[in-house]
Amino acid sequence: MSRIDGPDGPMPDTMDNRETNQRASWLESFLGGTPGRVVVRLILMSLVVGFLMSIFGISPDAIFRSIQGFINSIFDNGFGVFRDAFAYMLTGAVIVLPLWFIGRLMAAGRRR
């Protein structure tokens, strides 16, 4: 190879052996790192969190029962809201529909 003259004199013959910056694969982008590192990180974090949960007396079974109770209360209260709304609609319809019908009859009488 030939020497190239730079601003400070001749430059030595060297090849740039550095790796080019390669884009991370979609899997590494999704996981946030290489699969091996992510697995090790998750295992360590799970160990620490599990230890802390056991110190405070929290079990996975208690968490799942709490979530189940929360979802059940949403359904119970949510459908109760629909039941109440339907009852309000029927109560209002007892007044609104006759008034609407009388109004339509009066408007039809004026058009003739």
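From a predicted model like this one, the values you see are computed outputs, not experimental measurements.

> I tried to follow the overall build of the protein on my own but got confused; where do I start?
When you go through the protein residue by residue, the secondary structure sums to 3 helices and 2 strands. For the protein, the N- to C-terminal ordering of α and β elements is β-β-α-α-α. Taking all 112 residues of the protein together, 4% fall into the buried category. In the structure as shown, the protein presents an accessible area of about 10,800 Å², 68% of it carried by carbon and sulfur atoms.

> Would you mind showing me how to read the UniProt feature "transmembrane region" (unreviewed entry) in the protein here?
On the UniProt side, "transmembrane region" (unreviewed entry) is annotated at positions that read residues 38-58 and 85-107 here. Within residues 38-58, the helical portion is 86% and the strand portion 0%, while the C-alpha atoms at the span's ends are 26 Å from each other. Measuring from the first to the last C-alpha atom of residues 85-107 gives 31 Å, for a span that is 100% helix and 0% strand.

> Would you mind showing me how to read helix H3 (residues 60-111) here?
Spacing of three or four residues puts side chains on the same side of an α-helix, whose turn is 3.6 residues. Across its 52 residues, H3 extends 72 Å between first and last C-alpha, which sits within 8% of the 76 Å expected from 1.5 Å per residue. A bend of about 40° at alanine 93 is the largest found in H3.

> Looking at this structure, I do not really get the UniProt feature "domain: DUF6460" (unreviewed entry) in the protein. What am I missing?
The feature "domain: DUF6460" (unreviewed entry), as annotated in UniProt, sits at residues 74-109 in this numbering. For residues 74-109, helix accounts for 100% and strand for 0%, while the C-alpha atoms at its two ends are 51 Å apart.

> Honestly, helix H2 (residues 35-55) in this entry has me stumped. Any pointers?
The first and last C-alpha atoms of H2 sit 30 Å apart over 21 residues, in line with the 30 Å expected at 1.5 Å per residue. Count one or two residues on from H2 and you reach glycine 57, which has phi positive near 75°.

> Mind showing me how you'd approach the environment of threonine 34 here?
By the element assignment, threonine 34 lies in the loop between helix H1 (26-31) and H2. Distance in space between the C-alpha atoms of threonine 34 and alanine 24 is 8.9 Å, their sequence separation being 10 residues.

> How should I be thinking about the confidence of the model for the protein in this particular structure?
Low-pLDDT portions of the prediction should not be read for the details of their coordinates. Predicted confidence across the protein gives a mean pLDDT of 82, with 79% of residues reaching 70 or more. For the protein, per-element mean pLDDT is lowest for strand E1 (residues 4-6), which scores 59, and highest for H2, which scores 92.

Each value, and the rule that gives it
- Residues numbered from 1 in each chain as written.
- Predicted model: local features only at pLDDT ≥ 70, side-chain atom pairs only at ≥ 80, totals over all residues.
- Heavy atoms only, no water.
- Helix = DSSP H or I, 4+ residues; strand = E, 2+ residues; numbered from the N terminus.
- Buried < 20%, exposed > 50% of the residue type's maximum accessible area, 1.4 Å probe, protein only.
- Areas by Shrake-Rupley, 256 points an atom, 1.4 Å probe, with all protein chains shown as cover.
- UniProt positions renumbered as here; feature names shortened; annotations may be inferred.
- Expected span 1.5 Å × (residues − 1).
- Bend = angle between axes of the 7 residues up to and from the residue.
- pLDDT = per-residue confidence, 0-100.

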